[in-house]
Each structure stands twice: as C-alpha cells, then as structure tokens.
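Residue-level listing of the chains:
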Amino acid sequence: MEFTAKQIAQFIQGKVEGDENACVHTFSKIEEGKPGAISFLSNPKYTHYIYDTQASIVIVNNDVELEKPVTTTLIRVENAYECVAKLLQLYASTLPKKSGIDSLAFISEKAKVGENCYVGAFAYIADGAEIGDNCQIYPHAYVGEGVKIGDNALIYPHATIYKGCVVGNNVTLHAGCVIGADGFGFAPTKNGYDKIPQIGIVTIEDDVEIGANTCIDRSTMGTTIIHKGAKLDNLIQIAHNVEVGSNTVMAAQVGIAGSTKVGEWCMFGGQVGVAGHISIANQTHIGAQAGITGTIRKEGETIIGSPAWDAKGFMKSAAVFRRLPDMYQQINELKKEIELLKNQKQ
C-alpha cells in the first residue's frame, strides 16, 4: 500500500513542506533513507542526516530549524516520535493475523477458547483455562490450569502462564517470559531451608507488555500485580507480592525484590536493583544501574547511583570524585606548610 504526504499529514495532523503527492510504502531510519520510505527526526544529533537522506518523506518537530534546503518532503508535527509510533501501529494493524486451531495444539475439553483465536502447534491449554476473543497463542506456549486471559492477547512461543494467573485485555507476552513461577520463599532451619509454599497468583491488567524471558513470580498469598499500561522490557525479575503501578516502564535487567510497591508513571533504566518491602512514589525516574535501598516518598524525583540519591546531588559529588587525587595532594601540601609554620613559631 502507498500513501501520500497529504494523506499522512491528515492522519497525524501535520503540515506538509514540499511535495504533498510524494508517495511512500515503507519505513526507514533517517540515516538509511531510500526512495519510497518515510523516516523521522526527533533527536537533534541526527539532524545532519536530513540534508542527504534519500527518504521521500521525513517527519520532523515543528521547532526544527534547518540550516540549508532539503530535497525530501517534510511533515511538521508537535511530536515526531509520537506520530511515527501512530503510523507504525496503523501499519501493524494491516498485517494479516493467524487464525484457527492447529491440529497439533492441545486444548483441554474443560478449557474455553473465544472466537477468532489462533492456537499454534504444540501450544498447551490446560483444564479450566479461559481465553477471550481474538487471541493469538503461538506454538509451544503454555497456559496452565484455571488461567484467565482477556481479549486480544498476544502470547508468543514458549511463554508460560502458571496455574490460576489472570491476564487482562490487549496484553502481549513475549517469547520465554514466565508468569507465576514460585516466589523465592524459604525458611532457614538448622538443617537447611524449608520451602514456603507460594499459594497466590499473578494478575496482569489490561494493555501491559512483558518482554522476552522476563519473570513475574506468584505471590506467597494474594497477588503479584502489574497494573494497566505498564511496559516491561526483556530479562526483568519481578518478585513475589510486588505491585507495579500503571504506565510504569522498566528497561532490561531490572530486579524488584519481594513486597515492594512501585508507583504510577515511573521510569526505570537498565539494571536498576530495588530492595524488598519498600515503596517508590509516582513518577520517579531512576537511572541505569541505580540501587534503591529505601522508600522514595517524594513524587517526580530523578535519582541515580548506588545507593541511589538525588541526581543533582550525585552529579555535584561526581565532579568532586574526579578531583579527589588532586585534593588529596593539596591537603598533604597544606599539612606540610602547617607543620613548617608550627616549627617556625617554636
């Protein structure tokens, strides 16, 4: 399918600069632009590519100022990145979806599968499972006993949903993620460690996306819960009884220890580690590799470091850290001068 600059501008409420009849049929990065492709510019450090790109259309922010003419057609918008996301969503919605139940899939007679679903070869749906309409369950996925899945779920290969867990509408579970494995609960004894049975579940609300090989443990009692709109990257560990607030996002290799409550609209960089039994306020931004050891009560803070603390304070201290060798030398010189002055007075 081809679209003109004029049609695209109408869809994303932008303004065309150049040929409104320029046509595109694919996407490309601005540095790899080619004729017939649409690209975008949202990061200023990539601005120099716009002068040589072969992309037929480039979406840019309204405030972008160019130093010289360009050959490509521009579409100016308030937020180029957001508009490209809308176009990619539109494109993805036009792709054909798989349908039907593969003859090699196993579906228990005691399970319920909604309308217009796809269940791939060697997928397993256990007793009492309930799956909503328009779901896509890829080969080798496992849906355990009594699991409930809402409408429009996308369950990729080798994703595993343990017994009794609840998955909402429009949820995506990527390959290899594990929902509802036992929480890490053991009681120390003189002979070793006795396992504490984990009898709770995991609840994943609507519009959540869970990355590949991410693990969300079932609660000891009650539920581990990922609230509506949260997005979790690959290789994340969410421990038992954790609560992740709505629209919170986490990058790869984040680890959250048990019974911690994370607020809404938080952003975690890669490899952030969070201690157990604490709370993190809404809209907290945590830099990569930060270590969170205590409760964060003030909303909207940006913190970094390990142990993590206020970003401004950390950066000021970091500037001092770099100067410590020179400061140490200056202190030694001052000590020598003081000793000389003492000796002169004597």
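Residues numbered from 1 in each chain as written. Predicted model: local features only at pLDDT ≥ 70, side-chain atom pairs only at ≥ 80, totals over all residues. Heavy atoms only, no water.

I'd like a rundown of the pattern of salt bridges, residues and numbers included.
If you walk through the whole model with that rule in mind, you get 4 salt bridges. Residue R76 pairs with E17 through a salt bridge whose shortest N-O separation is 2.7 Å. Of this pair, R76 sits in strand β7 (residues 73-77) while E17 sits in strand β2 (residues 15-17), and the two are 59 residues apart along the sequence. For R76, a relative accessible area of 13% corresponds to the buried category. Among the salt bridges present, the one from E32 reaches K29, with a minimum N-O distance of 3.4 Å. (Salt bridge = Lys/Arg side-chain N within 4 Å of Asp/Glu carboxyl O. Helix = DSSP H or I, 4+ residues; strand = E, 2+ residues; numbered from the N terminus. Buried < 20%, exposed > 50% of the residue type's maximum accessible area, 1.4 Å probe, protein only.)

Tell me what's going on with the pairing of strand β21 (residues 178-181), and back it up with residues and numbers.
Two elements, strand β18 (residues 160-161) and β21, share 2 bridges in a ladder whose sense is parallel. Within β21, the residue paired with T160 across the bridge is V178. As judged from the 3 bridges shared by β21 and strand β26 (residues 215-217), these two strands associate in the parallel manner. Bridge assignment links I179 to a residue of β26, and that residue is I216. (Pairing = 2+ DSSP bridges.)

Requested: an account of the sheet that holds strand β36 (residues 279-280), with residues and values cited.
Sheet architecture is open: 9 strands sit in the order β10-β13-β16-β19-β24-β27-β30-β33-β36, paired in parallel fashion. In the strand order of this sheet, the two ends are held by β10 (112-113) and β36, each with one partner. Here 2 bridges tie β10 to strand β13 (residues 130-131), and the two strands are oriented parallel to one another. Each bridged residue has a counterpart across the sheet, and for K112 the counterpart in β13 is E130.

Let's hear about the nonpolar core: which residues, and what values?
By size, the foremost hydrophobic cluster in this structure holds 52 residues, and its most contacted members are L173, I179, I238, M250, F268 and I292. I238 has contacts with C215, I216, D217, T224, I226, L232, V244, M250 and I256, leaving out every residue within four places of it along the chain. Ranked by size, the runner-up nonpolar core spans 15 residues in total, among them I8, A22, I57 and V77. (Core = buried A, V, L, I, M, F, W, Y, C linked by side-chain atoms within 4.5 Å. Contact = heavy atoms within 4.5 Å.)

Can you tell me about the side chain of T72, naming the residues and giving the values?
If you trace the backbone, T72 turns up in the loop between β6 (57-61) and β7. For T72, a relative accessible area of 6% corresponds to the buried category. Only 2.8 Å separates the side chain of T72 from the backbone oxygen of A55, close enough to count as a polar contact. Look past the residues within four positions of T72 in its chain and what remains in contact with it is E17, I50, T53, A55, S56, I57 and V58. (Polar contact = N/O pair within 3.5 Å; in protein donor to acceptor, adjacent residues only side chain to side chain.)

Please set out the environment of K345 residue by residue, giving values where relevant.
Within the secondary structure, K345 is located in helix α3 (residues 311-345). The sequence separation of K345 and P307 amounts to 38 residues, and the corresponding C-alpha distance is 47 Å.

Summarise the environment of E67; cite the residues concerned and give the values.
Positionally, E67 belongs in the loop between β6 and β7. Taking C-alpha positions, E67 is 53 Å from T160, a pair spaced 93 residues apart along the chain.

Go over the pairing of β6, please, and point to the residues and values.
When you tally the buried positions in β6, you get 5 out of 5 residues, the bulk of the element. The sheet contact formed by strand β5 (residues 37-41) and β6 spans 4 bridges and is parallel. Residue pairing for β6: S39 is matched across the bridge by V58.

Quick rundown of α3? Include the residues and the values.
The first and last C-alpha atoms of α3 sit 47 Å apart over 35 residues, in line with the 51 Å expected at 1.5 Å per residue. L324 marks where α3 bends most, by close to 55°; the proline P325 follows one to four residues later. Of the positions making up α3, those classed as buried are A311, G313 and A318. Tucked into the core, α3 has its buried residues touching β39 (302-304) and β40 (309-310). The backbone nitrogen of K312 has a side-chain oxygen 3.2 Å away, supplied by the residue at the start of α3, namely D310. (Expected span 1.5 Å × (residues − 1). Bend = angle between axes of the 7 residues up to and from the residue.)

Talk me through the packing of aromatic side chains; I want residue IDs and the actual numbers.
For the structure shown, the criterion picks out 8 aromatic pairs. Between F27 and Y91, the ring centres sit 5.9 Å apart and the planes meet at 70°, which makes this aromatic pair edge-to-face. Of this pair, F27 sits in strand β4 (residues 26-27) while Y91 sits in helix α2 (residues 80-94), and the two are 64 residues apart along the sequence. For Y91, a relative accessible area of 43% gives the class partly exposed. On the numbers, 5.2 Å between centres and 70° between planes, the contact of F184 with F186 is edge-to-face. You can call F186 partly exposed: its relative accessible area is 36%. Positioned above the aromatic ring of Y51, the side-chain terminus of K68 is 5.0 Å from the ring centre. (Phe/Tyr/Trp six-rings, centres within 6.5 Å; stacked < 30°, edge-to-face > 60°. Lys NZ or Arg CZ within 6 Å of the ring centre and 35° of its normal.)

Let's hear about the packing of helix α1 (residues 5-12) against α2: which residues, and what values?
Running from N to C, α1 and α2 point in directions that differ by 110°, and their axes come no closer than 10 Å. With respect to their mutual orientation, α1 and α2 come out roughly perpendicular. Residues I8, F11 and I12 of α1 form the contact with α2, whose participating residues are C83, K86, L87 and L90. Residues that form the contact of α1 with α2 fall into these classes: 6 nonpolar, no polar and 1 charged. (Axes fitted to C-alpha atoms, helices over the stretch in contact; angles between N-to-C directions. Parallel < 35°, antiparallel > 145°, perpendicular 65-115°, else oblique. Nonpolar A, V, L, I, M, F, W, Y, C, P; charged D, E, K, R; others polar.)

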